[in-house]
Amino acid sequence: MSAVTDRLPVFPWDKLEPYKATAAAHPDGIVDLSVGTPVDPVPELIRRALVDAADSPGYPTVWGTVALRDALTGWVERRLGARDVAHTNVLPVVGSKELVAWLPTQLGLGAGDKVAYPRLAYPTYEVGARLCGAEPVAYDNVTDLDPAGLKLLWLNSPSNPTGRVLGADELRAAVAWAREHGVLVFSDECYLELGWEAEPVSVLHPDICGGTYEGIVAVHSLSKRSNLAGYRAAFLAGDADVLGDLLLIRKHGGMMTPTPVQAATVAALGDDTHVAEQRARYAARRAALRSALEAHGFRVEHSEASLYLWVTRDEPCWTTVGHLAELGILVAPGDFYGPAGERFVRVAFTATDERVAAAVKRLG
């Protein structure tokens, strides 16, 4: 096992524990804005679907029920603007983090192969490359990458941690470059329904992909838009050949979404009302925290989408983390997401209204 664990970085969140203890000692308790986990209730129609499917004694299938595949293809066409999406173009997965971490392994990558991801990025992209022995490569611009040995290109829009949204021209250029060089594109779009100052677009939109899904796959999650982080409900959409290979591999590996979760996913994707209601909650929290942080001397960069504010006081990120911890507020240091974030912190606005109000008061 040490041969695998020796390839992995130090688990970053362990470094935050002393600051969490400081924040927790605040007389009014901690305001945890670090992880970004949903705190609002799971919508009733989703819980009802889960309960109704609870009597499911048999094994689920990796590809999911016909009803689930219908829900996935329908949502991809309706919400992403994709066209002619068949069942072969979708695949449920057991949460998006599992997919990100194990995708390079499932693709058969290893020593001599490269996996590219944004300079500021969700750390699991790098972890996935290291797990299979591939070389992780961070980039600023896709078209500046050396294509030699590059087998997998991660896009992430809206970005975690920065909230940056890639414009249509940037996405088109990235897809065209990857196709020219035979590089497989996986686009992490888990925050696509949480655009605030920009309208995120999927790589599956015909304006981006040219009406063909060759060489591209989009990753989507219900964790944020439907408060289903605890359900581990996510899916892929795109190139049928790539998804067909992954389906076979995942069948052998037993990577099955539980039947009740499949039913809950069908209900969640068929209802837009709860998504709009949750967006409204996040919009109010975002506005309150942004104003309070700016009044406290922070500068907000990007943050036009997602569930985070990417902010700086032009000082080392751990100095900022310590300052906010003294106020009872816990945030994520920017260097968790790469050296380029060393003077930023990521502030999640997923806490309850009461805790967000407490943070605003303390910042004031």
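Just above, that's the structure.
Below is a summary of the structure that appears in this document.

1. Focus: the pattern of salt bridges
- Enumeration according to the criterion identifies 23 salt bridges in this entry.
- A salt bridge links Glu44 to Arg47; the shortest N-O distance between them is 3.6 Å. Note that Glu44 and Arg47 are positioned in helix 3 (residues 44-52) at a spacing of 3 residues, about one turn of the helix.
- Residue classification places Glu44 among the partly exposed residues on the basis of a relative accessible area of 45%.
- Since its relative accessible area comes to 38%, Arg47 is described here as partly exposed.
- Where salt bridges share partners, they join Asp28, Glu354, Arg355 and Arg362 into one cluster.

2. So, the side chain of Thr73
- Relative to the elements of secondary structure, Thr73 occurs in helix 4 (residues 66-80).
- Those residues in contact with Thr73 that lie beyond four places of it in its chain are Val85, Ala86, His87 and Val90.

3. Digging into the packing of helix 5 (residues 96-106) against helix 9 (residues 240-253)
- In contact at an axis separation of 12 Å, helix 5 and helix 9 are set at 100 degrees when each is read in the N-to-C sense. In terms of their interaxial angle, helix 5 and helix 9 are classed as roughly perpendicular. Contacts from Glu98, Leu99, Leu103 and Gln106 of helix 5 reach helix 9 at Leu246, Ile249 and Arg250.
- Residues belonging to the contact of helix 5 with helix 9 are distributed by class as follows: 4 nonpolar, 1 polar and 2 charged.

4. Thoughts on the pairing of strand 7 (residues 216-221)
- Judged by how many residues are buried, strand 7 sits mostly within the fold: 6 of 6 residues are covered.
- Residues of strand 7 alternate between two faces, with Ile216, Ala218 and His220 on one and Val217, Val219 and Ser221 on the opposite face, all of them buried.
- Judged from the 4 bridges that link them, strand 6 (residues 184-188) and strand 7 form a sheet pairing that is parallel. Among the inter-strand pairings, Ser187 is bridged to a residue of strand 7, identified as Ala218.

5. Brief notes about unusual backbone geometry
- Residues Ser157 and Pro158 are joined by a peptide bond in cis, for which omega reads -5 degrees.
- In this structure, His302 is a non-glycine residue whose phi angle is positive, near 50 degrees.

6. Some words on helix 5
- Burial of helix 5 is extensive: 8 of the 11 residues sit out of reach of the surface.
- Within helix 5 the residues assigned to the buried category are Ser96, Glu98, Leu99, Val100, Ala101, Leu103, Pro104 and Gln106.
- Just downstream of helix 5, Gly108 is the residue with a positive phi angle, here 80 degrees.

Scoring rules and cut-offs
Residues numbered from 1 in each chain as written. Predicted model: local features only at pLDDT ≥ 70, side-chain atom pairs only at ≥ 80, totals over all residues. Heavy atoms only, no water. Salt bridge = Lys/Arg side-chain N within 4 Å of Asp/Glu carboxyl O. Helix = DSSP H or I, 4+ residues; strand = E, 2+ residues; numbered from the N terminus. Buried < 20%, exposed > 50% of the residue type's maximum accessible area, 1.4 Å probe, protein only. Contact = heavy atoms within 4.5 Å. Axes fitted to C-alpha atoms, helices over the stretch in contact; angles between N-to-C directions. Parallel < 35°, antiparallel > 145°, perpendicular 65-115°, else oblique. Nonpolar A, V, L, I, M, F, W, Y, C, P; charged D, E, K, R; others polar. Pairing = 2+ DSSP bridges.

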